[in-house]
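# Topology and contacts: notes
Below, each chain spelled out in residue letters.
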Amino acid sequence: MEDDIPPIDLEALDRYLDSELSPDDCMGLSELDGFLTAIVIGPQLIPPSEWLPVIWGDEEPAFESEDEMRTIIGTIMGRYNEIATCFDSNPDEFKPIFREGMEGEVMAADWAAGFLEAIALRRTAWEPLINHRRARILLAPLFLLSADPNLHEEDGDPVDWEKVANAAPRTVPICVVGIHDFWKDQRERSKPQPRRNRRPKR
């Protein structure tokens, strides 16, 4: 029954993920949001039984009560459903949950890292996008945001890390919508085409 489904409480989820009850290697809220987004829009359906343990760093989370467990798990599944509904109805309205710094600056690195962690679950399935001559540019901001700023590309000009970070609130949603459209198009192309009835020869 719908009355048994707890409401989404992102603030409670954020507090829990940052508390001593959650596993040491569990994701933070922004990383979790990026992770869920890639799970939703990716090329293959991944069951919660596989991706939920990844959120906790493959450890067992602890809860103070059954109500807390329902709130936390319900909020994770609720956010998953929110993302799925958004991309089904109006992808341009998607808003990632980015972390904010002490001075209100947007920090998208965690979100990008979560997105890439979901890709790692189905790396082979993502290769058509990763290896696509043009479309792979959609992943570039995510790879750059999650990279170590102390590392430099072997080829090409040095990366302006500050510029990449400052542009993230605008570029990441655009790229994510493009990634969603890429896989939607791939699924449409893979559908069997209806056979045309051939006219009998006279």
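Residues numbered from 1 in each chain as written. Predicted model: local features only at pLDDT ≥ 70, side-chain atom pairs only at ≥ 80, totals over all residues. Heavy atoms only, no water.

What follows covers helix α6 (residues 123-130). Every buried residue of α6 is listed here: Ala 125, Trp 126, Leu 129 and Ile 130. Taken end-on, α6 shows its buried residues confined to a sector of 150°, consistent with a single buried face. The inward-facing, buried residues of α6 contact α2 (29-41), α5 (109-121) and α8 (161-190). (Buried < 20%, exposed > 50% of the residue type's maximum accessible area, 1.4 Å probe, protein only. Helix = DSSP H or I, 4+ residues; strand = E, 2+ residues; numbered from the N terminus. Arc of directions from axis to C-beta. Contact = heavy atoms within 4.5 Å.)

On to unusual backbone geometry. One non-glycine residue, Asp 58, lies in the positive phi region at around 60°. Mapped onto the elements of the fold, Asp 58 is located in the loop between α3 (48-55) and α4 (66-89). Here Asp 58 falls in the exposed class, since its relative accessible area comes to 62%.

Summing up the model confidence of the protein, the mean pLDDT is 88 and the portion of residues at 70 or higher is 86%. Element-level mean pLDDT values for the protein span from 87 in strand β2 (residues 106-107) up to 98 in α2. Contacts from residues 151-155, a stretch scored under 50 in pLDDT, to residues over four places away or in other chains number two contacts. (pLDDT = per-residue confidence, 0-100.)

With that settled, consider the packing of helix α1 (residues 10-17) against α4. α4 packs onto α1 with a crossing angle of 110° between their chain directions and a minimal axis gap of 9 Å. Judged by the inter-axis angle, α1 sits roughly perpendicular to α4. Contacts between α1 and α4 involve Leu 10, Ala 12, Leu 13 and Tyr 16 on the former and, on the latter, Glu 68, Thr 71, Ile 72, Thr 75 and Ile 76. Among the residues making up the contact of α1 with α4, the classes are represented as six nonpolar, two polar and one charged. (Axes fitted to C-alpha atoms, helices over the stretch in contact; angles between N-to-C directions. Parallel < 35°, antiparallel > 145°, perpendicular 65-115°, else oblique. Nonpolar A, V, L, I, M, F, W, Y, C, P; charged D, E, K, R; others polar.)

Within the secondary structure, His 180 is located in helix α8. Dropping the residues within four chain positions of it, His 180 is found in contact with Ile 41, Phe 87 and Pro 91.

Tracing the backbone through its elements, the reader meets Thr 37 in helix α2. Contact partners of Thr 37, with chain neighbours within four places excluded, come to Ile 83, Phe 87, Phe 94, Trp 111, Phe 115 and Val 176.

Moving on to the nonpolar core. In terms of nonpolar packing, the biggest core is built from 50 residues, with Trp 51, Ile 76, Phe 115 and Ile 179 touching the most fellow members. Among the elements of the structure, α1, α2, α3, α4, α5, α6, α7 (140-146) and α8 are those that each provide at least two residues to this core. Excluding residues that lie within four positions of it along the chain, Ile 76 makes contacts with Leu 13, Leu 32, Leu 36, Trp 51, Leu 52, Ile 55 and Trp 56. (Core = buried A, V, L, I, M, F, W, Y, C linked by side-chain atoms within 4.5 Å.)

What follows concerns the pattern of salt bridges. When their charged atoms lie close together, side chains carrying opposite charge are able to pair. Within this structure, the stated rule accounts for six salt bridges. The partner of Asp 33 in a salt bridge is Arg 79, and the shortest N-O contact between them spans 2.6 Å. Here Arg 79 lies in helix α4 and Asp 33 lies in helix α2, a separation of 46 residues in the sequence. Residue Asp 33 is classed as buried on the basis of its relative accessible area of 1%. Judged by relative accessible area, which is 11%, Arg 79 ranks as buried. The residue Glu 93 makes a salt bridge to Lys 95 at a minimum N-O spacing of 3.9 Å. A residue is classified by how much of its surface remains accessible, and Lys 95, at 58% relative accessible area, is exposed. (Salt bridge = Lys/Arg side-chain N within 4 Å of Asp/Glu carboxyl O.)

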